[in-house]
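# Observations on chain architecture
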Amino acid sequence: MKNYILLIFFVLNFGFVVNAQEWTVPAEEAEKVSPYIFEDDFVTDGEILYENSCTSCHGTPTENNFMPFSPPPGDPASEQFQSQPDGALFYKIQKGRGIMPVFENILAEEEIWSLIAYFRSFNKEYVQPEFDYGDEVLSELKFDLDFDENIDKLVVKVFSDGEVEEGIDVSAFVVGMFGKFPLGKTKTNELGLAYLDVDPSLPGDKQGNLDILVRVRKGYAIEKATTSMKIAEPAQQTSLIEGRHLWSTGDKAPVWLLVTFLLIVVGIWGVILYIIFGLFRLKKIG
Amino acid sequence: MAGIHKSEVTISQSGKMEHDLLRTVNWNGRFKLWMGFLSLLLLVCLYFYYLQLRDGLSVTGMHDIVSWGIYISNFVFFIAVSLIGMLISSVLGMIGYKWIKPISRIAEIIAVAFALVAGLVIITDMGRPDRLQHLVMYGRIQSPIVWDITIVITYVVLSLLLLYLPLIPDIALCNKKLTGLPAFQRRLYKILSLGWADKPGQFKVIKRYFRILLIMIIPVALAIHTVTSWLFAMTLRPGWDSPIFGPYFVSGAFVAGCAAVIIAMYFFQKNYKLQEYITNRHFDLMGKLLVLVSLVYVYFNINEIIVPAYKFKPFEVEHIGNLFYGHDSALFWMVQTGGLIIPFLLLMIPKMRKPLPITIISVVILVAAWFKRYLIVVPTQLTPYYPIQNVPERYHSYTPTIAEIAITVASFVLVLMIITILSKLFPIIPVWEMKEENENQKQ
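As a further point, take the interface of chain A and chain B. The interface is formed by 19 residues belonging to chain A together with 22 residues belonging to chain B. Grouping the constituent residues of the side of chain A that touches chain B by class yields 14 nonpolar, four polar and one charged.

On to the sheet that holds strand E8 (residues 221-230) of chain A, then. Residues and elements named next belong to chain A. With antiparallel pairing, the four strands of this open sheet are ordered in space as E5-E4-E7-E8. Of all the strands in the sheet, just strand E5 (180-187) and E8 have a single pairing partner and so form its edges. Pairwise comparison of adjacent strand axes, ignoring direction, gives a mean angle of 20 degrees for this sheet. Bridge analysis of strand E4 (residues 169-175) against strand E7 (residues 209-218) gives six bridges, and the strand direction is antiparallel. Across the sheet, residue Phe173 finds its bridge partner in E7, namely Leu213.

Take helix H2 (residues 29-55) of chain B next. Residue and element names in this part refer to chain B. With 27 residues, H2 should reach 39 Å at 1.5 Å per residue; the first-to-last C-alpha distance of 39 Å fits that figure. What H2 keeps buried is the set Leu42, Cys45, Phe48 and Gln52. Once H2 finishes, Gly56 follows within two positions and takes phi at roughly 85 degrees, a positive value.

Glancing now at unusual backbone geometry. Cis geometry marks the peptide bond from Ser70 of chain A to Pro71 of chain A; its omega dihedral reads -5 degrees. Note on placement: Pro71 of chain A falls in the loop between helix H4 (55-58) and helix H5 (79-82). Backbone geometry places Asp161 of chain A, a non-glycine residue, at a positive phi of 50 degrees. A tally of 13 C-beta atoms within 10 Å means that Asp161 of chain A is categorised as partly exposed. One non-glycine residue with positive phi stands out, namely Leu194 of chain B, at about 55 degrees. Along the chain, Leu194 of chain B falls in the loop between helix H9 (183-192) and helix H10 (200-233).

How two helices sit against one another is set out by the angle between their axes and by the gap between those axes. Residues and elements named next belong to chain B. Two numbers describe how helix H13 (residues 314-324) lies on helix H15 (residues 355-382): the axes approach to 10 Å, and their chain directions differ by 130 degrees. Judged by the inter-axis angle, H13 sits oblique to H15. For H13 against H15, the interelement crossing comes out right-handed. Across the interface between the two elements, His319, Asn322 and Leu323 of H13 pack against Leu375, Pro379 and Thr380 of H15.

Its domain assignment divides chain A into domain 1 (23-120) and domain 2 (141-230). Inter-centroid distance (C-alpha atoms) of domain 1 of chain A to domain 2 of chain A is 29 Å.

All names here are of chain B. With their axes 8 Å apart at the nearest point, H10 and helix H11 (residues 245-271) run at an angle of 125 degrees to one another. What the angle tells us is that H10 and H11 run oblique. Remark: the crossing between H10 and H11 carries right-handed chirality. Residue-level inspection shows Leu222, His225, Thr226, Thr228, Ser229, Phe232 and Ala233 of H10 in contact with H11, the latter providing Phe245, Gly246, Tyr248, Phe249, Val250 and Ala253. Of the residues assigned to the contact of H10 with H11, the class counts are eight nonpolar, five polar and no charged.

Conventions used here
- Residues numbered from 1 in each chain as written.
- Chains lettered and ligands numbered in written order.
- Predicted model: local features only at pLDDT ≥ 70, side-chain atom pairs only at ≥ 80, totals over all residues.
- Contact = placed C-beta atoms within 7 Å.
- Nonpolar A, V, L, I, M, F, W, Y, C, P; charged D, E, K, R; others polar.
- Pairing = 2+ DSSP bridges.
- Helix = DSSP H or I, 4+ residues; strand = E, 2+ residues; numbered from the N terminus.
- Axes fitted to C-alpha atoms, helices over the stretch in contact; angles between N-to-C directions.
- Expected span 1.5 Å × (residues − 1).
- Buried ≥ 20, exposed ≤ 12 C-beta atoms within 10 Å, placed from the backbone.
- Parallel < 35°, antiparallel > 145°, perpendicular 65-115°, else oblique.
- Left-handed = near helix turned anticlockwise from the far one by under 90°.
- Domains from an automatic or database assignment.

If you want it as structure tokens, here you go:
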């Protein structure tokens, strides 16, 4: 607790120094826009990142429950954030200031943009500015999937404009109920193949299927798709309330318990009744 | 006053014994005054129970965090005290100690009274006592609460039988020897004596049944308090999460029970003028027994604290800290030192085992034993494994309300009433057993 108070004092003092000047963003940086489309998936990526790296100070967006630092970290859903251009937000996350950490070496540019996509998801009026791809022609990406049982690897074969090519980014995830479990990140080899390790003990569904999300990227061109593949062991789903257990309802009590309980009760009460009936015959004994 | 045939010029020794022991069976003015006082107190307390029936458990200090308050502490205490019947009559009796003869009925009456009222105490802890039958209809046999109810009922019946069996010859004796009895009492004696005619065959049957009961009450009595401890130990909580909770409870029960018997012995000796039958030797021996059971209990107390304290698990530390130097520390140290260690050290001095000092010490032990149950039940609930948050401020502590205290007082009043009535309705010292003992000594 003491350390916590000390930290707040430290942060407060620090704040006075930093607060003295406004946080200015160079004009060319502020004009930067995202080459990535702020679609739902991208927003979800940003949300997960945010919860891991930002919530502790900025709190939950829209709830204004950020830490009481000086200058205040602010709520990303607030007007203070939303009035800034995407580029300014990008710059501030990347460079940091005061106790706002420098994320330049921690988060990839794409990840920072996903955070901004997440912030913008709270702003209904926001329209994403168009990115000028200039002369770059986006390649048309396609891929095939296979699972090599002998080496437990997911094999991704990528075609860029119909040709195999080395060095295309490939990442894969297992899609779960509450999020994505990363299988890995790699690049294609000269045959256009990328190999990703799969733990064969991963729990699949009853048939052993897993939903695999594969994402390939070359420059600004991105292609992704989710495929159901028979990779994992079929899951043996057992119901915890099936059968007789200590935690089940009364009519499903374990047999050993029923037998023990009844034997004890019948045994003791048998003797009690034997004695009570015996007492009533006391008069006849001479 | 009860009439005794005093016309006989020569009163044999057993005749004098009969006279002395039957003398206490009467309804004198002091009894009526005492019962009147108890009834008045009970009425006042019952008003608070009426309030509880009307408004529900909100009249108590219990809440979401502390859902077991002084009712359940009191229940554990009552069960504990009632175990003494088993220790004295059964364990010591079967080993062959003769000195327990004059005090065994006192122990059995205490057992019956406390066990009977313990059942009622559970009902006072229910918000909807009108749904008691749901326990039978929907109870899960897997739940220790169902085991507890079963064993409490069984123990009450066994204790009643254990009290009743050796009473039968004495009831017949009362019916024969006492004059001027009210009609209801005579009818009661007639029904309860079951046609007893002092025949050797009848004695044989009674002794055989009594022996069966003595043997059977040992596991049942151990079970009742072990199951009571399981109500706690089978709940995942710091302070309760202990595999030795059963023996810990049983050993504590003997301490409380011995103290209760000593207090009752003192009361009956003085008020019923039974100095010839309940002698200084009985107090001395009960004192030694109390030292023994206290030592066992101290040993379990040390175990209960030092094992979790040494491992220093986070929640256990919070709980033990609370007892050692926190919110409940004053009570804890008073109970542990003032109510357990100092008394048993004092009782090792022979002079302290004289009737008056040992009775005072026993009162201290018994009061401490009640608060010990409180310390077992309540503080643990205030240090649960989950954070206490988003609750009203009063949920962070527990204070019993006037209604709760009054209803608890009512349970004690009931116990005193049962003990008083039983000790006035029947000879408090077994007459035929004493006579038999006397004859055995002469031979």
